[in-house]
Amino acid sequence: MRDRHQGTILFTAFLWLIGISVVIQLWLLAAALDALLAGHREVPVSAAIASLVLFLVNGGLLIFVLSFDRRIRRADDAKRK
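All of these numbers come straight from a predicted model, not from anything done at the bench.

**Student:** Explain the environment of Leu-15 to me, please; I cannot follow it from the model alone.
**Tutor:** Positionally, Leu-15 belongs in helix H1 (residues 4-38). Residues Leu-15 and Asp-34, 19 residues apart in the sequence, show an inter-C-alpha distance of 29 Å.

**Student:** Looking at this structure, I do not really get the packing of aromatic side chains. What am I missing?
**Tutor:** Pairs of aromatic rings are described using the distance from one ring centre to the other and the angle between the two planes. Counted by the stated rule, this structure contains two aromatic pairs. Judged by centre distance (5.1 Å) and plane angle (70 degrees), the ring pair of Phe-14 and Phe-64 falls under edge-to-face. Taken together, the residues span a long stretch of sequence, with Phe-14 in helix H1 and Phe-64 in helix H2 (residues 42-80) at a distance of 50 residues. Residue classification places Phe-14 among the buried residues on the basis of a relative accessible area of 17%. Its relative accessible area of 33% is what places Phe-64 among the partly exposed residues.

**Student:** Even after reading the chapter, I still don't get the side chain of Ser-21, so can you show me in this structure?
**Tutor:** Position of Ser-21 relative to the elements: it lies in helix H1. Residue class for Ser-21 comes out buried when judged on its relative accessible area of 7%. Not counting chain neighbours up to four residues away, the residues in contact with Ser-21 comprise Leu-54 and Asn-58.

**Student:** Would you mind showing me how to read the pattern of salt bridges here?
**Tutor:** Opposite charge on two side chains makes pairing possible when the charged atoms of those side chains draw close. In this structure the tally under the stated criterion is two salt bridges. Between Asp-69 and Arg-73 there is a salt bridge, with its nearest N and O atoms 3.0 Å apart. Of this pair, Asp-69 and Arg-73 both sit in helix H2, four residues apart, roughly one helical turn. Residues Asp-77 and Arg-80 are paired through a salt bridge, measuring 3.5 Å at the closest nitrogen-oxygen approach. Placement of both Asp-77 and Arg-80 in helix H2 is noted, with a separation of three residues, approximately one turn of the helix. A relative accessible area of 40% places Asp-77 in the partly exposed class. A relative accessible area of 67% places Arg-80 in the exposed class.

Rules behind the numbers
- Residues numbered from 1 in each chain as written.
- Predicted model: local features only at pLDDT ≥ 70, side-chain atom pairs only at ≥ 80, totals over all residues.
- Heavy atoms only, no water.
- Helix = DSSP H or I, 4+ residues; strand = E, 2+ residues; numbered from the N terminus.
- Phe/Tyr/Trp six-rings, centres within 6.5 Å; stacked < 30°, edge-to-face > 60°.
- Buried < 20%, exposed > 50% of the residue type's maximum accessible area, 1.4 Å probe, protein only.
- Contact = heavy atoms within 4.5 Å.
- Salt bridge = Lys/Arg side-chain N within 4 Å of Asp/Glu carboxyl O.

Shown next, in the form of structure tokens:
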């Protein structure tokens, strides 16, 4: 990404994806607890697996966003010199 505006749009989109994924994880937690209290043992296992997958996706997106930000800052510092 050479254009800073494009980088900002990409950064914002990834942060939105991370935020939506966290909300989905909270919903999965609520559904799993509700199913567990109702006596359904298979739902919490499925919800835990789905939540783990979302957690790994979030971690990957967060690492990408942080490395992308680092590259943009280095490029800006190189332009200033």
